[in-house]
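Report on the structure
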Amino acid sequence: MSDRPRVVVTRRLPQPVEDELMRLFDARLNPDDEPLSAEELKQAIASADALLPTVTDRVTAEVLGAPRRTRIIANFGVGYNNIDVEAARAQGIAVTNTPGALTDCTADLAMTLLLSVARRAGEGERHLREGSWTGWRPTHMMGTKVTGKTLGIIGLGRIGQAVARRAHHGFGMRILYHNRTPVPDEQIAGLDAEFRSLEDLLAESDFVSLHCPATPDTRQMINASTLELMKPGAFLINSARGDVVDEAALVDALRSGALAGAGLDVYEGEPAVTPALVEMDNVVLLPHLGSATTETRVAMGMRAVANLQAFFNGDPPPDRVA
Ligand code: 8YV
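Owing to the predicted nature of the structure, the values given are computational and were not obtained by experimental measurement.

Looking only at helices and strands, the protein features twelve helices and twelve strands. Over its C-alpha atoms the protein spans a radius of gyration of 21 Å, differing by no more than 12% from the 20 Å that the globule rule assigns to 322 residues. C-alpha atoms of the protein, sized along the principal axes, occupy 70 × 50 × 30 Å. Of all 322 residues assigned to the protein, the portion counted as buried reaches 49%.

This next bit is on the site of the ligand. Taken together, Thr-54, Val-55, Phe-76, Gly-77, Val-78, Gly-79, Leu-102, Arg-241, His-288, Ser-291, Arg-297 and Met-300 make up the full set of residues adjacent to the ligand. The backbone of Val-55 places a nitrogen or oxygen atom 2.8 Å from an oxygen atom of the ligand. In isolation the ligand offers 330 Å² of accessible surface; the protein chains occlude 91% of this area. Taken together, the residues of the shell around the ligand sort by class into five nonpolar, five polar and two charged.

With that out of the way, let us pick up the packing of aromatic side chains. Throughout the structure, instances matching the rule amount to four aromatic pairs. Summarising the aromatic geometry, the rings of Phe-207 and Phe-235 are spaced 5.0 Å apart at their centres and angled 10° between planes, so their arrangement reads as stacked. Placement of Phe-207 in strand E9 (residues 207–210) and of Phe-235 in strand E10 (residues 234–238) is noted, with a sequence separation of 28 residues between them. Here Phe-207 matches Phe-235 in class, with each residue buried. Relative to Phe-312, the ring of Phe-311 lies with its centre 5.2 Å away and its plane at 90°, an arrangement referred to as edge-to-face. In this structure Phe-311 comes out as buried when scored by relative accessible area, which is 16%. Ring pairing ties together the aromatic residues Phe-25, Phe-311 and Phe-312, which thus form one cluster.

To continue, consider the side chain of Asp-319. Structurally, Asp-319 is set in the segment after helix H12 (294–312). Overall, Asp-319 belongs to the buried group, its relative accessible area being 6%. Excluding its chain neighbours within four sequence positions, the residues that come into contact with Asp-319 are Val-95, Thr-96, Asn-97, Pro-99, Arg-303 and Asn-307.

Time to look at the layout of surface pockets. Here the second largest pocket is characterised by a volume of approximately 160 Å³. Of all the elements in the fold, those that place two or more residues in the lining of the second largest pocket are helix H6 (121–129), helix H11 (275–279) and strand E12 (283–285). In terms of residue class, the lining of the second largest pocket is built from seven nonpolar, two polar and four charged.

What follows is about the sheet that holds strand E3 (residues 50–52). Here five strands make up an open sheet; going across it, the order is E2-E1-E3-E4-E5 and the pairing parallel. Whereas interior strands pair on both sides, the edge strands pair on one side only; in this sheet they are strand E2 (26–28) and strand E5 (94–96). Sheet twist, expressed as the mean angle between neighbouring strand axes with direction ignored, is 20°. In the sheet, strand E1 (residues 6–9) pairs with E2 via three bridges, with the strands oriented parallel. The residue of E2 that forms the bridge with Val-8 is Arg-28.

Before going further, it helps to examine the environment of Asn-223. When you line up the elements, Asn-223 lands in the loop between E9 and helix H9 (224–229). Its relative accessible area of 21% is what places Asn-223 among the partly exposed residues. Residues Asn-223 and Asp-246, spaced 23 residues apart in sequence, show a C-alpha to C-alpha distance of 5.1 Å. Look past the residues within four positions of Asn-223 in its chain and what remains in contact with it is Asp-246 and Ala-249. A polar side-chain atom of Asn-223 sits 3.0 Å from the main-chain carbonyl oxygen of Gln-220.

Let us now look at the domain arrangement of the protein. Here the domain parsing of the protein yields domain 1 (6–101 + 294–312) and domain 2 (103–285). Just the C-alpha atoms count here: the centres of domain 1 and domain 2 sit 31 Å apart. The interface of domain 1 with domain 2 comprises eight residues on the first partner and seven residues on the second. Together domain 1 and domain 2 conceal approximately 560 Å² of surface at their shared face, both sides included; 46% is due to carbon and sulfur atoms. Sorting the residues of domain 1 by area buried against domain 2 places Asn-81, Gly-100 and Thr-296 first, and these three jointly supply 57% of that buried surface.

Quick look at the packing of helix H5 (residues 103–118) against helix H7 (residues 158–171) now. It is at 8 Å that the axes of H5 and H7 come closest, and there the two elements cross at 55°. When the interaxial angle is binned, H5 and H7 end up oblique. H5 and H7 meet at a crossing whose hand is right-handed. Where H5 approaches H7, its residues Thr-103, Asp-104, Thr-106, Ala-107, Asp-108, Ala-110, Met-111 and Leu-115 are matched on the opposing element by Arg-158, Ile-159, Ala-162, Val-163, Arg-166, Ala-167 and Phe-171.

Calculation criteria
Each chain carries its own residue numbering, running from 1 in the direction its sequence is written. The predicted origin of the model limits local features to residues at a pLDDT of at least 70 and limits the giving and counting of side-chain atom pairs to 80 or more, whereas totals for whole chains, interfaces and linings rest on all residues. Only hydrogens and water are removed before side-chain values are computed, so all heavy atoms of the structure are retained for them. The way it works is that DSSP assigns letters per residue, a run of H or I at least four long becomes a helix, a run of E at least two long becomes a strand, and they are numbered from the N terminus. In this setup the radius of gyration rests on C-alpha atoms only. A globule is expected at 2.2 Å times the number of residues raised to 0.38. Residue exposure (1.4 Å probe, protein chains only): buried if accessible area is under 20% of the type maximum, exposed if over 50%, otherwise partly exposed. Nearness is judged by heavy atoms alone; a residue qualifies as near a molecule or strand once a single heavy atom is within 4 Å of it. Any N or O atom pair separated by 3.5 Å or less is treated as a polar contact, with the protein-specific requirement of one donor-capable and one acceptor-capable atom, and with residues adjacent in sequence counted only for side-chain atom pairs. Only the protein chains shown count as covering a residue, and every accessible area follows the Shrake-Rupley method with a 1.4 Å probe. Note on residue classes: Ala, Val, Leu, Ile, Met, Phe, Trp, Tyr, Cys and Pro are nonpolar, Asp, Glu, Lys and Arg are charged, and everything else, Gly too, is polar. Only rings of Phe, Tyr and Trp enter the pairing, Trp through its six-membered ring, and a pair is recorded when the two centres are within 6.5 Å. The plane angle decides the type: under 30 degrees is stacked, over 60 is edge-to-face, the rest tilted. Should any heavy atoms of two residues lie within 4.5 Å, those residues are considered in contact. Only protein atoms enter the calculation, which uses a 1 Å grid: trapped sets of points that fit a 1.4 Å probe without letting it out are cavities, open sets showing protein on both sides within 12 Å along at least five of seven lines are pockets, and any residue with an atom within 4 Å of a point is a lining residue. Grid points are joined across faces, edges and corners, and a volume is the space filled by probe spheres set on the points. Here a strand pair is declared whenever DSSP counts at least two bridges between the two strands. Between N-to-C directions, angles cover 0 to 180 degrees, with each direction set by a line fitted to C-alpha atoms, over the stretch in contact for helices. Start and end points for every domain follow an automatic or database-based domain assignment. Defined in terms of a 1.4 Å probe, buried area is the accessible area two parts forfeit on being brought together, summed over both. Angles below 35 degrees are treated as roughly parallel, those above 145 as roughly antiparallel, those between 65 and 115 as roughly perpendicular, and all remaining angles as oblique. Crossing handedness is read from the near helix: turned anticlockwise from the far helix by less than a right angle, it gives a left-handed crossing, and turned clockwise, a right-handed one.

Structure, rendered in structure tokens:
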């Protein structure tokens, strides 16, 4: 029997991360890559010293209330709304995340969505692949110019700031932002970013990009009333969490033409997507790819490993959130 800490890893991870987990811990991997049921999560919590879950694992108060050996949950991801952090805190279970590792790639993906929806890239590709392209013409598939437009960023944390830098320095966009806490000037130096109330940001922005965490306060922050405040013909980009947007209200705003389009990487009921969205040509839909590069997924895994290592060495884990 191993005296190394037992770590249950809920999904397949990039090979270098699995190798490192096996080297350091009594790691129980998931070669089949099937998501764990609530019952299996309870078993994991009962038998392992640590859990390494992902966004697809719902680590609820009920799961955490079951008989338990686990003392740390090292989440694979910066967002940790898949974990009932209050319940973990109440039970004295440490929770860590992987900030920083995925900032650039998630910001790149937000820009991919923004550019794709404005320039009708998904629609154009479908058009060509289905054999409908009959040749160039001056009025064919005209989109919306991005350079110089106003981008409203809701949540100017690491990822929001990385998007702001790309948009401002790369595309000459004017940056407005809304954030729950003040952002230190040095973090946004050179961006000419202007703070706005949520209402004013929505009213003034040509593109609104969401980068806030999913919390009770941000749940369905984008709903029928707030969508109504958006500038006519604006675009909504969501690479944060599906919970922040009322998808049914978004469909209505797109159908009525109030919004020109949306670029989405995350959904309320992932992996389910509101069927009406799938029917719409002015919506770009990606399957939660924000951090999906080899470099970033390895870095995220190594960050989770570093948190586990620190915890079991008796040191403070670098990314403790509870
Ligand atoms: C991850 C994410 O892929 O880190 C996050 O918050 O949304 C994604 O980039 C996912 O959470 C993995 O668990």
